[in-house]
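# Analysis of the macromolecular model
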Amino acid sequence: MATFISVPLKKSSEVDLVKPLSKFVTASYPAGDEQSEYLRAVEELNKLRKSALGRPLDKHESSLEILLRYYDQLCSIEPKFPFCENQLCLTFTWKDAFDKGSLFGGSVKLSLASLGYEKTCVLFNCAALASQIATEQNIDNDECLKAAAKYYQLASGAFSHIKDTVLSALSREPTMDICPETVGTLSTIMLAQAQEVFFLKATSDRMKDAVIAKLANQAADFYGEAFKQCQYKDNLPKEVLPVLAAKHCIMQANAELHQSILAKQKKRFGEEIARLQHAAELVKTVASRYDEYVSVKDLTDKINRALTAAKKDNDFIYHDRVPEVKDLEHIGKAALVKATAITPPLSQKFTDLFEKMVPMAVQQSMGIYGQRKADTVNRLVGMMREATNLCNGVLASLNLPAALEDLSGDSIPQSIAEKSRSIVGQGGLQNIEKLIRDLPELLTRNREILDESLKMLDDEETTDNELRSKFNQRWNRTPSGDLYKPLRAEGTNFRNVLDKAVQADQVVRDRYNAQCDMIALLCKPENELNGAIPSANPTRTLQGSEVVNVLRSLLAQLDEVKKEREMLEGEIKAVTFDMSTAFLKALAQDGAINEEQLSLSQLDQSYGSYNHKVSASLSKQEELLGQVQTSHQEFSSLKQSNNEANQREEVLKKLASAHDSYVEICNNLREGTKFYNDLTEILLKFQNKCSDIVFARKTERDELLKYLQQSIAREPSAPSFNVPAYQSTPAAPALAPGPTPAPRTVFVSNHKLITAKSIFDVSSP
């Protein structure tokens, strides 16, 4: 019976995927169908992990399918969630597969906050289970042989993939089972066993002896390479090397046996005997040294029968000279196996649970694009608002339009009366004072959230530094100080934002204090307001004059400009464009996103026309204001100037300015309130992020502390000492030397090409 090596599965601790992933989804996506769909997908992912890792798996293709689906899903979500120690922090704990009593020894477990680590370990289990399924196949059945070859090649490819990626996927030294040297050796072993399966199939189908010899010789070469890789590893138990050494000799013996048949067909009877003698020596070595691991009785009998018959015929009939083994022609090789390339999806039934979720690269690009868009909108809107404020300020300084409405000199101008009613309608002084009182409370709340968040990081970092000082190099996890740098930078940015907000709040308060009296006057009833405005000599003679008509026309045009700006502001704010499609297309085509180029191109396309409209509006205002100032000079020269008129005009200017200030202060305070409330949500997310990473670090810390304590407990309490010779036991007998080396073999290129298809599709020689 053939002996094949299978690999044990790694064991994982339970991990709750639902809580952290759901928090990310609810924080990143607004409530609605999309969020609900992703939350359901998170639940399904958690169930899939439990099915793949939370129970014993049968050595069946259906179990492997579950593992492959979970691996494919991990590959799919990796670019869509920010898995790392300082963002979405999930700690995965895995035990070394080669624990005591299993094939490859070692008793270690490792906890890492790394999705790459989880992927590596899951892929290891895919390879291990594939090796177990292959080993369970009935080698007397053609379909089973095909399945075994497929699964061994899959296992070889998976182990090889881990070898190439494990160090980049992990931030720390991996456990012995997944280190590059170990998985590299496992890959070679699986490839050798796949090649042996092809040899068995060719033998079963009675293919040409030349073909079978090459297949066996290649398998011997693979086993020899695996043996070399294993023999200097201290962590490997005694079972591994004997099996590999035995397989190397057995496959070489089979190669010699079938090559001897070819020699006999060519009437090279001396070569036939030499090859059979060498084959007999090889199987004798296996029987004497590795009999408890591999049985070669049937092969030995077959070789000995052939050797006896060949010697008899040569002694009595042919008398051909028997050459030395070293002088024999090299046997060719035919490698029909290849490690399966690991290119997800590996599962035939894979359906991405998060198919509609865009990758993090797209999400990040969308975030930067959103900021660029907001900056563009704020710039355009800010330019228009600043121009409107400038216009209002210039008109207020000229007492327009009140001066045109105040030709009687003893009643409230219509524009002032409207401004008064507007302020009263908005709540007057009480509204502003309430908004001002609320700001410090909102500010304090945000400062407290930020302080609590940073204190969590400080406390955990202090503990980490204390343990690092205590255990020195043994405390080999990422220092908290390094890990928290992005979070601390984010916290510093929030602190600066709050400090600037405090300064801006003070500017608004100072402006309110400066305008408070005039705003209070505008809030009074109409008769009291009229009484507070000084009277002046009538100027009715200007009523209907050309200059008054010109000024009124210019003011009407300025009002029209302001209304157009309000409409333009609404249009600018309403512009939308889904950049995710463009980013996804770029990512699919180029494997990367040139966010700046794509964003600037789209923003220019979306807002280019609005840039021209805003510039035209500003130019038109500048032209109209110039004409207003010229006409106002003419108007002022026609008015009868006296002290009462000057006092009245000054009060009207202040009232107009107070109204404009009231409107601007209210807008500033409402924007400030919204800013603090929005910032509260952002800071709460920041606090959750800090809380999650601190919790994950504490979990990792507890695991590492437990491991270090166990390691210290296992260390000897005193230095080693020499035992006197008379107390020592007799030395054990020396081990037998290594297996007899097979003759040197090389590839022969001048023979017919042998393919896997030719073996599994042809059933006769």
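Computed from a prediction, not measured in an experiment: that's the story for all the values here.

Assigned secondary structure in the protein consists of 22 helices and two strands. Across the protein, the fraction of contacts at a sequence separation of at least 24, relative to all contacts at a separation of at least 6, is 84%. When the accessible surface of the protein is summed, it comes to about 39400 Å², and 51% of that surface belongs to carbon and sulfur atoms.

Right, let's talk about the packing of helix α8 (residues 240–265) against helix α9 (residues 269–289) for a bit. The contact between α8 and α9 brings their axes to 8 Å, and the two run at 160°. It follows from the interaxial angle that α8 and α9 lie roughly antiparallel. At the point where α8 passes α9, the crossing takes the left-handed sense. For the pair formed by α8 and α9, the contact residues are Ala 246, Cys 249, Ile 250, Gln 252, Ala 253, Glu 256, Leu 257, Gln 259, Ser 260, Ala 263 and Lys 264 on the first element and Phe 269, Glu 271, Glu 272, Arg 275, Leu 276, His 278, Ala 279, Leu 282, Val 283 and Val 286 on the second.

This brings us to the UniProt feature "coiled-coil region" (unreviewed entry) in the protein. UniProt annotation of "coiled-coil region" (unreviewed entry) refers to residues 551–578 when read in the numbering used here. When the span residues 551–578 is considered, its composition is 86% helix and 0% strand, and the gap between its end C-alpha atoms is 47 Å.

What follows deals with the pattern of salt bridges. Here the structure, examined in full by the defined rule, presents 40 salt bridges. The partner of Lys 119 in a salt bridge is Glu 78, with the nearest N and O atoms 2.8 Å apart. Of this pair, Lys 119 sits in helix α4 (residues 115–135) while Glu 78 sits in the loop between α3 (61–77) and β1 (92–95), placing them 41 residues apart in sequence. Glu 671 is the salt-bridge partner of Arg 385, the closest N and O atoms lying 3.3 Å from each other. With Arg 385 in helix α11 (residues 360–397) and Glu 671 in helix α21 (residues 643–714), the pair connects residues that are 286 residues apart, well separated along the chain. Within the structure, one salt-bridge network assembled from shared partners comprises Glu 460, Asp 464, Arg 468, Arg 477, Arg 697 and Glu 700.

Turning our attention to the environment of Ala 220. The residue Ala 220 is located in helix α7 (residues 209–230) in this model. Sequence-distant contacts of Ala 220, that is, excluding residues within four places in its chain, are made with His 248, Met 251 and Gln 252.

Using the criterion set out here, one finds twelve aromatic pairs in the structure. Between the aromatic rings of Phe 81 and Phe 354, the centroid separation amounts to 5.4 Å while the plane-to-plane angle is 85°, which identifies the pairing as edge-to-face. Of this pair, Phe 81 sits in the loop between α3 and β1 while Phe 354 sits in the loop between α10 (297–318) and α11, and the two are 273 residues apart along the sequence. Residue class for Phe 81 comes out buried when judged on its relative accessible area of 1%. An angle of 70° between the planes, with centres 5.4 Å apart, marks the rings of Phe 124 and Phe 159 as edge-to-face. On the criterion of sequence distance, the pair formed by Phe 124 in helix α4 and Phe 159 in helix α5 (residues 142–169) is long-range, its members being 35 residues apart. Residue classification places Phe 124 among the buried residues on the basis of a relative accessible area of 0%. Chaining the aromatic ring pairs together yields one cluster made of Phe 24, Phe 81, Phe 83 and Phe 354. Just above the ring of Phe 4 sits the side chain of Lys 247; from NZ or CZ to the centre is 4.4 Å.

Glancing now at the nonpolar core. Phe 81 and Phe 124 are the most contacted members of the largest nonpolar core, which totals 122 residues. It is α4 that provides the largest number of residues to this core, a total of 13 residues. Excluding residues that lie within four positions of it along the chain, Phe 81 makes contacts with Leu 21, Phe 24, Val 25, Leu 88, Phe 354, Met 357 and Met 360. Within the second largest apolar cluster, 46 residues are counted, among which are Ile 432, Val 651, Ile 665 and Tyr 676.

On to the environment of Leu 170, then. Topologically, Leu 170 is positioned in the loop between α5 and α6 (180–204). The buried category is assigned to Leu 170, whose relative accessible area is 7%. Residues Leu 170 and Tyr 117, spaced 53 residues apart in sequence, show a C-alpha to C-alpha distance of 5.9 Å. Leaving out residues up to four positions away in the same chain, Leu 170 has contacts with Leu 110, Leu 112, Tyr 117, Thr 120 and Ile 178.

With that settled, the discussion passes to the side chain of Ser 617. Assignment of secondary structure puts Ser 617 in helix α20 (residues 595–638). A relative accessible area of 12% places Ser 617 in the buried class. When sequence neighbours within four positions are dropped, the list of residues in contact with Ser 617 reads Val 561 and Arg 565.

What follows covers α4. With 21 residues, α4 extends 30 Å between its outermost C-alpha atoms, agreeing within 8% with the 30 Å of an ideal straight helix rising 1.5 Å per residue. Here α4 lies mainly inside the structure; 20 of its 21 residues are buried. The N-cap residue of α4 is Ser 114: its side-chain oxygen and the backbone nitrogen of Gly 116 are 3.3 Å apart.

This part is about the state of the cysteines. All told, the structure shown has zero disulfides when counted by the stated rule. With no disulfide of its own, Cys 126 lies 9.5 Å from the sulfur of Cys 75, the closest cysteine sulfur.

The next point concerns helix α16 (residues 485–522). Taking 1.5 Å per residue as the helical rise, α16 with its 38 residues ought to reach 56 Å, and the 53 Å between its terminal C-alpha atoms agrees with that figure. The sharpest bend along α16 reaches about 55° and sits at Cys 516. All of the buried residues in α16 are Leu 487, Gly 491, Phe 494, Leu 498, Ala 501, Asp 505, Val 508, Tyr 512, Gln 515, Ile 519, Leu 521 and Leu 522.

All right, on to the side chain of Gln 259 then. As for its placement among the helices and strands, Gln 259 is situated in helix α8. Ignoring anything within four residues of it in the chain, the contact list for Gln 259 reads Ala 213, Arg 275 and Ile 331.

Analysis parameters
- Counting of residues starts from 1 at the beginning of each chain's written sequence and follows it residue by residue.
- Given that the model is predicted, a residue must reach a pLDDT of at least 70 before its local features are reported, and side-chain atom pairs must reach 80 or more before they are shown or counted; all residues, however, enter totals for whole chains, interfaces and linings.
- Here the side-chain values reflect all heavy atoms present in the structure, with hydrogen atoms and water set aside.
- Secondary structure follows DSSP: runs of H or I at least 4 residues long count as helices, runs of E at least 2 residues long count as strands, and numbering of each begins at the N terminus.
- Contacts are residue-level and defined by heavy atoms, with any inter-residue pair within 4.5 Å sufficient.
- Using a 1.4 Å probe, accessible areas were evaluated by the Shrake-Rupley method; residue-level cover was limited to the displayed protein chains.
- To get an axis, fit a line to the C-alpha atoms, keeping to the stretch in contact for a helix; angles then go from 0 to 180 degrees between the N-to-C directions.
- Should an angle fall under 35 degrees it is taken as roughly parallel, and over 145 as roughly antiparallel, whereas 65 to 115 is taken as roughly perpendicular and any remaining angle as oblique.
- The sense of a crossing depends on the near helix, which, turned anticlockwise from the far helix by less than a right angle, makes the crossing left-handed and, turned clockwise, makes it right-handed.
- UniProt positions are given in the numbering used here, feature names are shortened, and annotations may be inferred rather than shown by experiment.
- Think of a salt bridge as a Lys or Arg side-chain nitrogen and an Asp or Glu carboxyl oxygen that are within 4 Å of each other.
- Each Phe, Tyr or Trp ring, with Trp reduced to its six-membered ring, pairs with another whose centre is within 6.5 Å; inter-plane angles below 30 degrees give stacked pairs, above 60 give edge-to-face pairs, and intermediate values give tilted ones.
- Three exposure classes are used, based on accessible area relative to the maximum for each residue type with a 1.4 Å probe and protein chains only: buried under 20%, partly exposed in between, and exposed over 50%.
- Definition used: whenever NZ (Lys) or CZ (Arg) falls within 6 Å of the ring centre and also within 35 degrees of the ring normal, the charge is taken to sit over that ring.
- In these notes, a set of buried Ala, Val, Leu, Ile, Met, Phe, Trp, Tyr and Cys residues joined through side-chain atoms within 4.5 Å is what counts as a nonpolar core.
- Helix span, as expected, comes to 1.5 Å for every residue beyond the first.
- Polar contacts here mean pairs of N or O atoms no more than 3.5 Å apart (in protein, one a potential hydrogen donor and the other a potential acceptor; neighbouring residues in sequence count only if both atoms are side-chain atoms).
- Note on terminology: pairs of cysteine sulfur atoms within 2.5 Å are recorded as disulfides.
- The quantity called bend is, for any residue, the angle between two axes fitted respectively to the seven residues ending at it and the seven beginning at it.

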